[in-house]
Amino acid sequence: MAQLRMQGHRVLVADLTGDTVRAITGSMVAYEGKVAFKSAGMGGGDGFKAALKRKVTGESISLMEMSGTGTVYLAVDAQDITIVELTNDVMNVEASQLLALAGDLRTDVKFSGLRGATSGQGLFTTTVSGTGHVALLSAGGPLIALEVTPQYPLVADPDAFVAFRGALNQSFVTDVTWRSALGGGNGEAFSLRFDGQGVVYIQPEER
Amino acid sequence: MSIQIHTPASLPSNDNVPDNDYAFSIELAGTPWFTSKGAMIAYYGTVQFEPLSRTSLTGLVASQFSSPLYANDWVIAQGHGKLILGDRGFNINSYDLDDANLTIRASNLLAFEPGLALKQSIVPGFVTLLGTGKFLASSNGQVMFAEPPLRIDPQALVGWADCPSPSHHFDAGWMHNFLSAAAGFFGMASGEERQFDFTGAGTVLIQSSEKVIDDAHLLRHIESETQPLSQASLQQLHRSIGARLTQDGY
């Protein structure tokens, strides 16, 4: 299986041994060896159905397939990168923060509940499921992983949300007090609340 | 390679999130905090955010928050839990004041304890904190501490403590050119001709970049300063701004 590893904390290295790694289009900064790059197609490489869903939902993700033998260096806007291992697991990711996928992973688009109409992020999130490595981007500093348990639900700013995994119920809270805490006018009119058991990943910078 | 997963218990009490200079964890345990709008990125527990105009703590706000100009940018957070703050990827540090005063750029101040009182500084875009308590400030890059006498680039200034408010200093060579040129001289700007001049005893906080977050605070300050101007002065201001906008090609 192709390996993902870090060089520093802002460059991701993919070691290809005759297999394929998918990464966000335009993230390749350098490569060595014989590597072919091609667009993974409209559905991010997951077939017509996923493509159609993306077309309809507007959740935008643009992945490229990198295959061959060699080493590829990936980076996006000097954002911090974190590699997360999935073992027969499902992760919900904000499409813009998904850098690369290696292993037996598939992506899909999932309806994630009713968001406020003000959000430019769409009503849908991208899901990654299977076994392999996922590289996440974090703007403004290192990614922060927060555990959620039934006793300790978490509330997060949708603009700082990156991903979550586990048996979590995500709900949209149009909480008046939270709304008053958000920045002047351009802030989201709702917050994300996570109940259940799992991990939520957030970034220090608000999109 | 795997990152630490935090729980409400493992998050620090009033310190940076471990290995993360860009996020800060405040522990709320009954006592309220003043926090700047938009700085909250997540929280655990039962926390309420109230705008200063609609809080139950009217007396606290009236006594500790003496700046109508900035009142809409702040909320009171109270309750029990852990609050995580972030500010556009700027470094976040906490500072303690012990019966002291410190003046800081308004857009760099993220939160403060109610033991501190906030007042608008005479210097546009800055606020002064007085009293005893903790506050959080963001900076673009690490903060350096320096002692007067010194001159610094206005954009690199985060704040100052104990010493008198700075005065403007203009480079002597630039002044010479300015005086010898025709009135209305605006060229020859290297961007470094104007500095803030600090004197006296105290500490100056400097960020390691000349990037200022935004000038919304400065704009509002200047707007409020135009209140006492007469009709004629306002028209004069209107003309000079109009002339500048035309010159800049708008």
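As the structure is a prediction and not an experimental result, all values here were calculated from the model.

Let us now look at the domain arrangement of chain B. All names here are of chain B. When its domains are assigned, chain B resolves into domain 1 (15-139) and domain 2 (145-247). Distance from the C-alpha centre of domain 1 to the C-alpha centre of domain 2: 26 Å. Buried area between domain 1 and domain 2, both sides added, is near 2000 Å², and the carbon and sulfur share of it is 62%. Counting across the domain 1 and domain 2 interface gives 0 salt bridges. Counting every contact that joins domain 1 to domain 2 gives 4 residue pairs in polar contact (both at pLDDT 80 or more). Secondary-structure elements contributing two or more residues to the side of domain 1 that touches domain 2 are strand S8 (91-105) and strand S11 (126-139). The leading source of residues in the side of domain 1 that touches domain 2 is S8, at 6 residues. The residue inventory of the side of domain 1 that touches domain 2, partitioned by class, reads 11 nonpolar, 9 polar and 4 charged.

This part takes up the interface of chain B and chain A. Across the boundary between the two partners, chain B contributes 32 residues, which contact 33 residues of chain A. Applying the counting rule to chain B against chain A returns 6 residue pairs in polar contact (both at pLDDT 80 or more). Those elements that place two or more of their residues in the side of chain B that touches chain A are strand S1 (5-6), strand S5 (40-51) and strand S7 (74-86) of chain B. Of all the elements, S5(B) adds the most residues to the side of chain B that touches chain A, at 11 residues.

This next bit is on the pairing of S8(B). All names here are of chain B. Bridge count between S8 and S11: 13 bridges; the pairing is antiparallel. From the neighbouring strand, Tyr95 faces S11, where its bridge partner is Phe135. By the bridge criterion, 3 bridges tie S8 to strand S14 (residues 157-161) in an arrangement that is antiparallel. From the neighbouring strand, Leu102 faces S14, where its bridge partner is Ala161.

Residues and elements named next belong to chain B. Strand order in the open sheet made by the 3 strands is S13-S16-S15, with antiparallel pairing throughout. Both edges of this open sheet fall to strand S13 (150-152) and strand S15 (167-170), since each of them pairs with a single strand only. Each strand axis lies, on average, 40 degrees off the axis of its neighbour in the sheet, ignoring direction. The sheet contact formed by S13 and strand S16 (residues 194-198) spans 3 bridges and is antiparallel. Paired with Ile152 across the bridge in S16 is Phe196.

Residue and element names in this part refer to chain A. One pass over the full model with this rule turns up 8 salt bridges over all chains. Between Arg193 and Asp195 there is a salt bridge, with the nearest N and O atoms lying 3.1 Å from each other. By relative accessible area, which is 24% here, Asp195 ends up partly exposed.

The nonpolar side chains of soluble globular proteins are, as a tendency, buried together. Counting 25 residues, the largest nonpolar core has B:Phe65, B:Leu109, B:Phe112 and B:Phe135 as the members making the most contacts within it. When residues of this core are traced back to their parent elements, those giving at least two are S7, S8, strand S9 (109-112), strand S10 (116-120), S11 and S14 of chain B. Counting the residues that make up this core, at least three belong to each of domain 1 (15-139) and domain 2 (145-247) of chain B. Excluding residues within four positions of it along the chain, B:Phe135 makes contact with B:Asn93, B:Ser94, B:Tyr95, B:Leu97, B:Leu102, B:Ile104, B:Leu109, B:Ala111, B:Phe112, B:Leu116 and B:Leu129. Counting residues in each nonpolar core, the second largest holds 22 residues, with A:Phe194, A:Ile202, B:Val17 and B:Tyr44 among its members.

This brings us to the packing of aromatic side chains. The relation between two aromatic rings is expressed through the spacing of the ring centres and the mutual angle of the planes. On inspection of all chains with the given rule, the structure shows 14 aromatic pairs over all chains. When the centroid spacing of 5.6 Å and the interplanar angle of 25 degrees are considered together, the rings of A:Phe161 and A:Phe194 count as stacked. A residue pair is termed long-range when its members are at least 10 positions apart, and A:Phe161 in strand S10 (residues 161-173) and A:Phe194 in strand S11 (residues 191-202) qualify at 33 residues. Assessed through its relative accessible area of 1%, A:Phe161 is described here as buried. Judged by centre distance (5.5 Å) and plane angle (65 degrees), the ring pair of B:Tyr43 and B:Phe49 falls under edge-to-face. Per residue, the accessibility class of B:Tyr43 equals that of B:Phe49, and both read buried.

What follows concerns the side chain of A:Thr149. Along the chain, A:Thr149 falls in the loop between strand S8 (144-148) and strand S9 (154-156). Contacts of A:Thr149, omitting those with residues within four sequence positions, involve A:Gly196 and A:Gln197.

Let's shift gears to unusual backbone geometry. Here the bond from B:Pro148 into B:Pro149 is cis, since omega is 0 degrees, no more than 30 degrees from zero. Note that B:Pro149 resides in the loop between strand S12 (143-146) and S13. For A:Asp77, which is not glycine, the phi torsion reads 50 degrees and is therefore positive. Inspection of the secondary structure assignment puts A:Asp77 in the loop between strand S4 (63-74) and strand S5 (80-93). Judged by relative accessible area, which is 70%, A:Asp77 ranks as exposed. Positive phi outside glycine occurs at B:Asn14, with the angle close to 55 degrees. With respect to the secondary-structure elements, B:Asn14 resides in the loop between S1 and strand S2 (15-16).

Rules used throughout
- Residues numbered from 1 in each chain as written.
- Chains lettered and ligands numbered in written order.
- Predicted model: local features only at pLDDT ≥ 70, side-chain atom pairs only at ≥ 80, totals over all residues.
- Heavy atoms only, no water.
- Domains from an automatic or database assignment.
- Buried area = accessible area lost by both parts, 1.4 Å probe.
- Salt bridge = Lys/Arg side-chain N within 4 Å of Asp/Glu carboxyl O.
- Polar contact = N/O pair within 3.5 Å; in protein donor to acceptor, adjacent residues only side chain to side chain.
- Helix = DSSP H or I, 4+ residues; strand = E, 2+ residues; numbered from the N terminus.
- Nonpolar A, V, L, I, M, F, W, Y, C, P; charged D, E, K, R; others polar.
- Contact = heavy atoms within 4.5 Å.
- Pairing = 2+ DSSP bridges.
- Axes fitted to C-alpha atoms, helices over the stretch in contact; angles between N-to-C directions.
- Buried < 20%, exposed > 50% of the residue type's maximum accessible area, 1.4 Å probe, protein only.
- Core = buried A, V, L, I, M, F, W, Y, C linked by side-chain atoms within 4.5 Å.
- Phe/Tyr/Trp six-rings, centres within 6.5 Å; stacked < 30°, edge-to-face > 60°.

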